[in-house]
Amino acid sequence: MKIKNIYKKKKPVISFEIFPPNERYPIENIFETIDKLIELKPDFISVTYGAGGTTRGRTVEIASRIKNTHNTEVLAHLTCVGAKKIEIENILEELKKENIENVLALRGDFPKENESVEGDFRYASKLIQKIKAESDLCVGAAFYPEGHQETNDLLDLFYLREKVKEGTDFLISQIFFDNDYFYSFKEKCEKLGIDIPLVAGIIPVTNANQIKRITELCGSTIPLKFQKILNRYENNPEALKEAGIAYAVEQIIDLLSSGVSGIHIYTMNKVDVTKEIMRRIEKVKEYLEEVS
Ligand code: FAD
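Just so we're clear, the structure is a prediction, and the values are computed from it rather than from any experiment.

### Here we look at the environment of Lys212
Then step 1. Following the sequence through the fold, Lys212 ends up in helix 8 (residues 208-218).
Then step 2. A residue is classified by how much of its surface remains accessible, and Lys212, at 49% relative accessible area, is partly exposed.
Then step 3. Along the backbone, Lys212 and Val74 are 138 residues apart, and their C-alpha atoms lie at a distance of 29 Å.

### Looking at the side chain of Thr79
Then step 1. Within the fold, Thr79 resides in strand 3 (residues 74-79).
Then step 2. Thr79 sits in the buried class, given a relative accessible area of 9%.
Then step 3. Apart from the residues within four sequence positions on either side, Thr79 is in contact with Tyr49, Arg56, Ile88, Leu106, Arg107, Gly108 and Leu127.

### Some thoughts on helix 4 (residues 85-97)
Then step 1. In this model helix 4 runs 18 Å from its N-terminal to its C-terminal C-alpha over 13 residues, within 8% of the 18 Å that 1.5 Å per residue would give.
Then step 2. Looking at helix 4, one finds that the buried residues are Ile88, Ile91, Leu92 and Leu95. Projected down its long axis, helix 4 shows its buried positions confined to an angular sector of 100°, all on one face. Exposed residues on helix 4 whose side chains face more than 90 degrees from its buried face are Ile86, Glu93, Lys96 and Lys97.
Then step 3. Two residues or fewer past helix 4, Asn99 is found with a positive phi of approximately 70°.

### Remarks on the side chain of Asn102
Then step 1. Mapped onto the elements, Asn102 comes out in strand 4 (residues 102-106).
Then step 2. According to the relative accessible area criterion, Asn102 is buried, its value standing at 0%.
Then step 3. Of note is the side chain of Asn102, whose polar atom sits 3.1 Å from the backbone oxygen of Met1.
Then step 4. Among the polar contacts made by the side chain of Asn102, one reaches the main-chain amide nitrogen of Ile3 at a distance of 2.8 Å.
Then step 5. What Asn102 contacts, discounting residues up to four positions off in sequence, is Met1, Lys2, Ile3, Glu73, Val74, Leu75, Ala76, Leu137 and Cys138.

Each value, and the rule that gives it
- Residues numbered from 1 in each chain as written.
- Predicted model: local features only at pLDDT ≥ 70, side-chain atom pairs only at ≥ 80, totals over all residues.
- Heavy atoms only, no water.
- Helix = DSSP H or I, 4+ residues; strand = E, 2+ residues; numbered from the N terminus.
- Buried < 20%, exposed > 50% of the residue type's maximum accessible area, 1.4 Å probe, protein only.
- Contact = heavy atoms within 4.5 Å.
- Expected span 1.5 Å × (residues − 1).
- Arc of directions from axis to C-beta.
- Polar contact = N/O pair within 3.5 Å; in protein donor to acceptor, adjacent residues only side chain to side chain.

The following block contains the structure:
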């Protein structure tokens, strides 16, 4: 099913993101994780592409397994940085062959050592244009409630509108730890006439190293309330895990209560954490599904 139709039919939509195992490890390593995540009944699962540069070949294979073996809807991420037209065409062909109907179209990050890497698509909007011209895929794209690191807020909104004009069907956010960024960005989008679903990407932070990497990578602001948790429990992994889950659940309940279309949980392939979050939001989710 096309994910845009899930957002039309249901509120809230709860989805998970997973990443393929590094190519040094067998692909089967992820299968048990997928089996267990599917037991939690997400509306769809997304599979990242090329994170760290080594797992590209695995995205379609894993997405295909989710869709065709588990009969669960899937969103395959695809980045275009450094890619030639023919590579993108080949991947679109593979997606079609595997019966995959949804793609998250991204630019990706330039490799640190080469900011001007050659490719046929400079921005995600060009990739979206290509996908829409050559396939019947449902297309999602990324947005940044705190602005993208390379651009200022206003320009970023302008370019986001370009992605929407090219036919993006829904948008998933970068992680954030203060819901007010999401709400104020949503308001700006509404003023600009962007009326496709804006989905909140939430990450449960369960270890201290993870947060350093995340903030370096995407620059999300750490609110004082969250910083206190990190400082207080950084030397006690179990306490930090409990507090990190509680923080993510609080964010999610607030977003759900405010009528968000969907929550996308960056699971980091952690089944126990995801399971606990789903348990704690179960009644709220059930009630909202009933009344929507
Ligand atoms: P774009 O929309 O192209 O924007 C990139 C920058 O260029 C922005 O600053 C934008 O304002 C600017 N810009 C856009 N158009 C123009 C224009 N015409 N002229 C000038 N400037 C312009 N990365 C991966 O490698 N693999 C993944 O699987 C992955 N999944 C992700 C999932 C989500 C939900 C999110 C939020 C991010 C993900 N990323 C992933 C990271 C993403 O690739 C990076 O954040 C990247 O830096 C930007 O990608 P984009 O698609 O938003 O780019």
